[in-house]
Amino acid sequence: MINQTDVQFYRDQGYLVVENVLDTTELNHLRSDLAQVVAAAAKVTSNNDTYDLEPTHSPDAPRVRRIKHPHTVMPSALELMRHPKLLSILTRLIGPGVRFQTSKLNMKAAGYGAAVEWHQDWAFYPHTNDDLLAVGVMLDDVDDINGPMMVIPGSHKGPTLDHHAGGFFCGAIDPVKSEMDLQAAVPLKGPAGSMTFHHVRSIHGSALNRSDRSRNFLLYQFTANDAWPLVETIDDWNEYNSWIVAGEPTLHPRMAAAPVRLPLPPAPQQGSIYENQSTLENRFFDVYDEAST
Ligand SMILES: O=C(O)CCC(=O)C(=O)O
């Protein structure tokens, strides 16, 4: 699926877009599973283990911001994490041993789909080495105006920036206080069925979707098998290893020099990234305001 030039691009820039990985049948499975999960949100009034809701959600007019852990509620999302095409890309970017960590599906509905403030995933889950990445599966065509994820090229080689506000982890970088070069950000675009790959230390974010088209984006997090979490504990060894999608389990964490800041103490509104980021002092992206539309 990718060649040595792509691998080198990822190593240098910290991201890669691979177009048209999925065919129409595969995309339609994902979309129809998603439609069923979204329809069931009509029974829900507040955030729970599956739904993160837009502030304007109501059971009469369901507005879902994120499906949490879609691999647990969408059979097609569970299947996709072991798709041969995906595995062939992951093993070139991460190495022969790859473990699935978790998934989420960010729904940016037409007109109001929420922004995600600038952040580095590494600030949320530092490991013993940084061979970790996130895959974004475009369930819709993504272009400049429906809220593409944007990445700052090369930022995965820089520092781990402060993701705290008022002494608590908030999961976002303050655009006023930090020294990010936001002018350099590039939007990751492509037709539905394309996939993005971004390094765990890459600075990224995305704006409110003001277009008339949705931008549904299924995200998977993968780690090298020998990258060990510094914050979480592993309670169930067999279950932990059942998520290996390539290679073998190991008891030998690989240590690599990478700048770490711990996500502690937790956010006062600890929850999804949207809830965590609500305590950020200076937002970069607009928030949907019903009154002004
Ligand atoms: O949905 C997006 O555009 C950004 C996704 C992301 O960075 C996240 O959810 O952590």
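Up top is the structure.
Residues numbered from 1 in each chain as written. Predicted model: local features only at pLDDT ≥ 70, side-chain atom pairs only at ≥ 80, totals over all residues.

### What to know about the overall build of the protein
Alright, step 1. Scanning the protein from terminus to terminus reveals six helices and 14 strands.
Alright, step 2. Scaling as 2.2 N^0.38, a compact globule of 293 residues should have a C-alpha radius of gyration of about 19 Å, and the protein matches this with 18 Å.
Alright, step 3. Along the three orthogonal principal directions, the C-alpha set of the protein runs to about 55 × 45 × 40 Å.
Alright, step 4. Relative to its 293 residues, the protein shows a buried fraction of 39%.
Alright, step 5. Nonlocal contacts in the protein, meaning residues at least 24 apart in sequence, comprise 84% of its contacts between residues at least 6 apart. (Helix = DSSP H or I, 4+ residues; strand = E, 2+ residues; numbered from the N terminus. Rg over C-alpha atoms; globule rule 2.2 N^0.38 Å. Buried ≥ 20, exposed ≤ 12 C-beta atoms within 10 Å, placed from the backbone. Contact = placed C-beta atoms within 7 Å.)

### Thoughts on the site of the ligand
Alright, step 1. With respect to spatial proximity, the complete set of residues near the ligand consists of Asn106, Val116, Met149, His204, Ser206, Phe217, Leu219 and Ile273.
Alright, step 2. Of all the secondary-structure elements, those providing two or more residues to the shell around the ligand are β12 (204-206) and β13 (215-224). (Near = placed C-beta within 6 Å.)

### Some details on the sheet that holds strand β10 (residues 186-187)
Hydrogen bonds along the backbone pair up the strands of a sheet, which may run parallel or antiparallel.
Alright, step 1. Strand order in the open sheet formed by four strands is β5-β12-β7-β10, with antiparallel pairing between adjacent strands. Edge positions in the open sheet fall to β5 (116-119) and β10, since each of these has one partner strand only.
Alright, step 2. Strand direction decides the pairing type here: β5 and β12, joined by two bridges, are antiparallel. Bridging across to β12, His119 finds its partner in His204. (Pairing = 2+ DSSP bridges.)

### Remarks on the pairing of strand β3 (residues 64-68)
Alright, step 1. In terms of burial, β3 is a largely internal element, four of the five residues being buried.
Alright, step 2. In the sheet, strand β2 (residues 51-53) pairs with β3 via three bridges, with the strands oriented antiparallel. Of the residues in β3, the one forming a bridge with Leu53 is Val64.
Alright, step 3. Across three bridges, the pairing between β3 and strand β4 (residues 98-108) is antiparallel. Each bridged residue has a counterpart across the sheet, and for Ile67 the counterpart in β4 is Leu105.

### Side note on the nonpolar core
Alright, step 1. With 58 residues, the main nonpolar core has Leu133, Val135, Leu139, Phe197, Leu218 and Phe222 as its most contacted residues.
Alright, step 2. The biggest single contributor to this core is strand β6 (residues 132-138), with six residues.
Alright, step 3. For Leu133, the residues in contact, after removing those within four places along its chain, are Leu93, Ile94, Phe197, His198, His199, Val200 and Phe222.
Alright, step 4. Ala115, Val116, Ala207 and Ile273 belong to the second-largest nonpolar core, a separate cluster that totals six residues. (Core = buried A, V, L, I, M, F, W, Y, C linked by C-beta atoms within 7 Å.)

### Side note on unusual backbone geometry
Alright, step 1. With omega at -10 degrees, the peptide bond leading from Leu264 into Pro265 counts as cis.
Alright, step 2. Within the secondary structure, Pro265 sits in the loop between β14 (244-246) and α6 (273-277).
Alright, step 3. One non-glycine residue, His69, lies in positive phi territory at about 50 degrees.
Alright, step 4. Note on placement: His69 falls in the loop between β3 and α3 (75-80).

### So, the pairing of β6
Sheet faces and side chains relate simply in a regular strand, where the side chains alternate between the two faces.
Alright, step 1. Along β6, seven of the seven residues are buried, which leaves the element largely enclosed by surrounding structure.
Alright, step 2. By the alternation rule, side chains of β6 split into Leu132, Ala134, Gly136 and Met138 and Leu133, Val135 and Val137, which are all buried.
Alright, step 3. With seven bridges connecting them, β6 and β13 associate as antiparallel partners. Looking across to β13, one finds that Val137 is bridged to Leu218.
Alright, step 4. Relative to strand β11 (residues 195-199), β6 runs antiparallel, the two sharing five bridges.

### Observations concerning the environment of Ala123
Alright, step 1. With respect to the helices and strands, Ala123 occurs in the loop between β5 and β6.
Alright, step 2. Given 24 C-beta atoms within a 10 Å radius, Ala123 is considered buried.
Alright, step 3. For the pair Ala123 and Pro259, spaced 136 residues apart in the sequence, the C-alpha separation amounts to 9.7 Å.
Alright, step 4. Among residues more than four places away in sequence, those in contact with Ala123 are Thr160, His163, Arg261 and Pro263.

### So, helix α4 (residues 84-93)
Alright, step 1. Among the residues of α4, those classed as buried are Leu86, Ile89 and Leu90. The arc enclosing the buried residues of α4, seen along the axis, measures out at 100 degrees, which places them on a common side.
Alright, step 2. Once α4 finishes, Gly95 follows within two positions and takes phi at roughly 125 degrees, a positive value. (Arc of directions from axis to C-beta.)

Take it as geometry only, folks, not as evidence of what the structure does.
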